[in-house]
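Descriptive analysis of the structure
Each chain is listed here by its residues.
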Amino acid sequence: MCRAANNRSTTPTEPPRIRSTLPNQPTESPRRQTSQPIFHESAPRRRTQPTESPRRQISQPIRQESSSRHQISQPSLHEQCQQPHSIQQRASAVLCGFGEWKNGPHLSEGRVIPSHPVETFPVGQKGLQNQPKPPSLSRDDHADPFNFSFSSNKLILRKLHDYVKNVNFEEMKKNECKKNLTLSKYWENSQQRYVPEDDSWEKFYSNIRSCSVYSDDAMVDKLLHDLNTMPIKNVHIMDGGTQVKFVFTFKNDKQAVFKPMRFGRDYESDPNHFYFSDFERHHAEIATFHLDRVLGFRRAIPTVGRVLNMTTELFEKAEKKLKKTFFFSPAKNFCFVSRCDYYCDTTHAICGFPDMKEGSVQVFLPDESAVPRKHNRNPYRRTYSKKNQIAEWQNNMNYCTDKVKTKQQYAHGRRLLDLVDLHVLDYLIGNQDRHHFESFNVFDNVPSYAIHLDHGRAFGRSDFDDDDILLPLRQCCIIRPSTFETLLKFYSAPKSLTTALHESMSKDPAHPILAYKHYPAIERRLAKVMTYILECFESRKVEEVLISEFHNLDVSDLEQNEEDQSEEHQEKNDVKKTV
């Protein structure tokens, strides 16, 4: 039995082989109201005619009975739709179009755009976009992805180069990872255990390293190909997920997690929605994997896009409780609801076009019984509350010095630098939902690193930069030399970060992965990252900012097992609540 990558498993496995892990007040009943007289006693009774449904009434002219007091007849709704002049008529015109769409209105189609300034006809909440067909099936987008003007700030760039002109980056990078062992080599040397490599899953597991999830790009590309093409054997609902996720079991009995496409690439998160209730986007997982690789981290889990036939690859392979949630929509599209905490209802059903559905497929991490992991609470975790929205670290710029650097988990080694790397990545992709992070706990005497997991709520808005995501960098003022060198290269070199990202994502079968409006947003955020690093250089010595390992001399460098165990115990009892 397997579980999702972000869930713990207690199922024992055979020691030699690594298995994947799964990852209101009540109202009165209408019948009681019928006990009241419907007609006045003085009024003559007459037989009532059955009324049509409201939708049919809209398509017919609304007749007004003339009286001696009102001789002016009101225009019908149909006439209002033909010539909407007043604000009220324009509002009525919105109702006219709903009977004409087959698949539901688009965001802009659902509203009448007035000729007057926007202030005269304010727009409310965003509507939900209809579900389009997979973009990879059309390939009709010939727009230039780099049709925007952006240039680096020459003054900032010159100052950054002046500060680091005497830094030996190659020598410093050697100290970032002193022992980069593969899992197979580590087990062979320490326990005389043999790790099989019969398929791309096992090759990926055996090559997990002590400093990164993977290092062989060719091996990962083969794994991505298998995730995209291998026949599916079974489909199960992924337990513990807040939104729709499936567990795919392939013909080789290896597994992966599938997130279906809910909206198109250009859908933006509603500004009125909280980060913890936002819809997850499958393409955000794919894009983040590629950005992580372009930045040289290689700590994100391999993820690829895949277009499925909902009949032959989902419905026919689905477990019984999942199969019961499939149905045909009024537009004759094949849909499912599944079971989850959020948005698993008919209103938010996920539909094919008519039965083709795109999604992201992410390989499972090894089962925790074979390759254990730690679940760490992020010290820069948000409140996840509607009432108390500001956390302590968002109000106290000394939070890192007083509350983070003094903890043994972050006082020595690589963990604090990993946290900064993770938040730099989250800032570039616009991910506010970082409450925990995981790390492998299998390499003895080698410090573990943060695995880059769970990016489904990234790339929600291209017009907003949440600078609070970067507070670990701004407050701690430390960064790895390799991370800074990579960011500086993309900020100053002719080949921009989004150019490299676009080239990497173009290899995915489901490309285009991102709406092109996110490209200038990434470049804009990169410029802000470099500005904040410059502020650290100006307030501290360069050698205090660019470090391979962090050590707080005021905190004892002793064994951290006791504190780590207490943190692990806290993680098991920590339930994310939204109030």
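Now for a description of the structure that goes with this document. (Residues numbered from 1 in each chain as written. Predicted model: local features only at pLDDT ≥ 70, side-chain atom pairs only at ≥ 80, totals over all residues. Heavy atoms only, no water.)

Quick look at the packing of aromatic side chains
- Overall, the coordinates contain 25 aromatic pairs when judged by the stated rule.
- Judged by centre distance (5.4 Å) and plane angle (50°), the rings of Trp201 and Phe250 are tilted. Within this pair, whereas Trp201 is found in helix H9 (residues 200–206), its partner Phe250 is found in strand S2 (residues 246–250), the two being separated by 49 residues in sequence. Residue Trp201 shares its accessibility class with Phe250, and that shared class is buried.
- One aromatic cluster is present, built from ring pairs that chain together Trp201, Phe246, Phe248, Phe250, Phe258, Phe315, Phe326, Phe328, Phe334 and Phe336.
- Above the plane of the ring of Phe315 lies Lys323, whose end atom (NZ or CZ) is 5.3 Å from the centre. (Phe/Tyr/Trp six-rings, centres within 6.5 Å; stacked < 30°, edge-to-face > 60°. Helix = DSSP H or I, 4+ residues; strand = E, 2+ residues; numbered from the N terminus. Buried < 20%, exposed > 50% of the residue type's maximum accessible area, 1.4 Å probe, protein only. Lys NZ or Arg CZ within 6 Å of the ring centre and 35° of its normal.)

Some words on the sheet that holds S2
- The five strands lie next to each other as S1-S2-S3-S8-S4, forming an open sheet whose pairing is antiparallel. Two strands bound the open sheet, and with one partner strand each, they are strand S1 (232–237) and strand S4 (303–309). Strand-to-strand, the axes of this sheet are offset by a mean angle of 35°, without reference to chain direction.
- The strands touched by helix H10 (residues 217–229) are S2, strand S3 (255–260), S4 and strand S8 (356–363); relative to S4, the strand with the most contacts, the crossing angle is about 20°.
- On the sheet, helix H11 (residues 282–294) packs against S3, S4 and S8 and is oriented at approximately 45° with respect to S8. (Pairing = 2+ DSSP bridges. Axes fitted to C-alpha atoms, helices over the stretch in contact; angles between N-to-C directions. Contact = heavy atoms within 4.5 Å.)

Looking at helix H6 (residues 154–163)
- Looking only at H6, the buried set comprises Ile156, Leu157 and Leu160. Here the buried residues of H6 occupy an arc of 100° about the axis, which is enough to place them on one side.
- Next to the buried residues of H6 lie helix H18 (481–492) and helix H20 (518–539).
- Two or three places before Leu155, at the start of H6, stands the capping residue Asn153, its side-chain oxygen 3.0 Å from that residue's backbone nitrogen. (Arc of directions from axis to C-beta. Polar contact = N/O pair within 3.5 Å; in protein donor to acceptor, adjacent residues only side chain to side chain.)

Focus on the state of the cysteines
- As enumerated under the stated definition, the model contains five disulfides in all.
- Sulfur-sulfur distance for the disulfide between Cys177 and Cys211 comes to 1.6 Å. Looking down the S-S bond of the Cys177 and Cys211 bridge, the torsion is 90°, so its handedness is right-handed. With Cys177 in the loop between helix H7 (169–174) and helix H8 (183–190) and Cys211 in the loop between H9 and H10, this pair connects stretches of sequence that are 34 residues apart.
- The exposure class of Cys177 is partly exposed, given its relative accessible area of 23%.
- Taking relative accessible area as the criterion, Cys211 reaches 12% and is therefore assigned buried.
- Shown here is the disulfide that connects Cys477 with Cys536, its sulfur atoms set 2.1 Å apart. As the torsion about the S-S bond is roughly -80°, the Cys477-Cys536 disulfide counts as left-handed. Remark: Cys536 occurs in helix H20 and Cys477 occurs in the loop between helix H17 (471–476) and H18; sequence separation between them is 59 residues. As far as the burial class goes, Cys477 and Cys536 line up, both buried. (Disulfide = S-S within 2.5 Å.)

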